[in-house]
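# Examination of the molecular architecture
Single-letter residue listing:
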Amino acid sequence: MSEKSWLVVQFPLKSVKGSQRDHWLKDKVMEYLEIFLADEGFGHVDGFDMGKCVSDPTSYALNIFCVVTDEARGIALIKKVLREYRLDYTRIKIASMPYENGDSYILKYAYKKGVTDFSL
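A short tour of the structure in this document, coming up. These figures come from a predicted structure and were not determined experimentally. (Residues numbered from 1 in each chain as written. Predicted model: local features only at pLDDT ≥ 70, side-chain atom pairs only at ≥ 80, totals over all residues. Heavy atoms only, no water.)

## Details of the overall build of the chain
Stated formally: Secondary structure is summarised from DSSP: a helix means a run of H or I of at least four residues, a strand means a run of E of at least two, and numbering begins at the N terminus for each. Radius of gyration here is computed from C-alpha atoms only, and the compact-globule reference equals 2.2 Å multiplied by the residue count raised to the power 0.38. Here the term buried applies to any residue with accessible area under 20% of the maximum for its type, exposed to any over 50%, and partly exposed to those in between, with areas from a 1.4 Å probe on protein chains only. Pairs of residues are marked as contacts when any of their non-hydrogen atoms sit within 4.5 Å. Per-residue and other accessible areas follow the Shrake-Rupley method at a 1.4 Å probe size, with only the shown protein chains counted as cover for residues. Charge counting treats Lys and Arg as positive and Asp and Glu as negative, with His and both chain ends excluded. To locate a charge, take atom NZ for lysine, CZ for arginine, CG for aspartate or CD for glutamate.
Across its full length, the chain carries two helices and five strands. A globule of 120 residues ought to have a C-alpha radius of gyration of about 14 Å, and the chain, at 13 Å, matches this closely. Taken over the C-alpha atoms alone, the chain extends approximately 40 × 30 × 25 Å along its principal axes. Looking at the 120 residues of the chain, the share that counts as buried comes to 42%. A fraction of 62% describes how many contacts in the chain between residues 6 or more apart in sequence connect residues 24 or more apart. Just so you have it, the chain exposes about 7,100 Å², and 49% of that area is on carbon and sulfur atoms. The centroid of the 17 positive side-chain charges in the chain is displaced by 8 Å from the centroid of its 17 negative side-chain charges.

## Brief notes about the pattern of salt bridges
Counted only if it meets this: Throughout this description, the term salt bridge denotes a Lys or Arg side-chain nitrogen within 4 Å of a carboxyl oxygen of Asp or Glu.
Applying the stated criterion to the full structure yields five salt bridges. The partner of Lys28 in a salt bridge is Glu31, and the shortest N-O contact between them spans 3.4 Å. Taken together, the positions of Lys28 and Glu31, both in helix α1 (residues 20–40) and three residues apart, correspond to about one turn of that helix. Residue Glu31 is classed as partly exposed on the basis of its relative accessible area of 39%.

## Structural notes on the packing of aromatic side chains
Note the cut-off: Stacked, tilted and edge-to-face are the three classes assigned to paired rings of Phe, Tyr and Trp, where Trp is represented by its six-membered ring and a pair needs centres within 6.5 Å; plane angles under 30 degrees give stacked, over 60 edge-to-face, the rest tilted. Either the NZ atom of lysine or the CZ atom of arginine qualifies as a charge over a ring when it sits within 6 Å of the ring centre and within 35 degrees of the ring normal.
This model, assessed by the stated rule, comprises six aromatic pairs. An angle of 65° between the planes, with centres 6.2 Å apart, marks the rings of Tyr105 and Phe118 as edge-to-face. Of this pair, Tyr105 sits in the loop between β4 (93–98) and β5 (106–110) while Phe118 sits in the segment after β5, placing them 13 residues apart in sequence. Neither residue differs from the other here; Tyr105 and Phe118 are each classed as buried. Among the aromatic side chains, those forming a connected cluster through ring pairs are Tyr32, Phe36 and Tyr85. The ring of Tyr89 is capped by Arg83, whose NZ or CZ atom sits 5.0 Å from the centre of that ring.

## Looking at the packing of α1 against helix α2 (residues 71–84)
Just so we agree on the cut-off: Fitted lines through C-alpha atoms give the axes, limited to the stretch in contact for helices. The angle between two N-to-C directions lies from 0 to 180 degrees. Relative orientations are named as follows: roughly parallel for angles under 35 degrees, roughly antiparallel for angles over 145 degrees, roughly perpendicular for angles from 65 to 115 degrees, and oblique for any other angle. Handedness of a helix crossing follows the sense of rotation of the near helix relative to the far helix, less than a right angle counterclockwise being left-handed and clockwise being right-handed.
Relative to each other, α1 and α2 sit at 135°, their axes nearing to 10 Å. In terms of orientation, α1 lies oblique with respect to α2. By crossing handedness, the relation of α1 to α2 is classed as right-handed. Within the contact between the two elements, α1 uses Val29, Tyr32, Leu33, Phe36, Leu37 and Glu40 and α2 uses Leu77, Ile78, Val81 and Leu82.

So this is what it looks like as structure tokens:
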């Protein structure tokens, strides 16, 4: 078993508060990830934030935070759930950070080839 990690699933937003659909998406993604992470024994959803990006205040994002016990399997499960339940899989970025003593997230998956940057 690998060490615990933080995973963050990031969706781009068009406004700081998000649309009604963005709030629906947040609720559905958190609901499904909580169910599937718990069922598989990989971890849990730890919360979210929505609003301006730290690195670029003109960009907005929805970040959903998860704690997982196996980073690679957790990422694979998240991608599978979002794809199967059609929860905007084609717009996500997934990044990870060690659970303890982590100082920054490292991009592990991006919806588009060539994307290498990630920040909250």
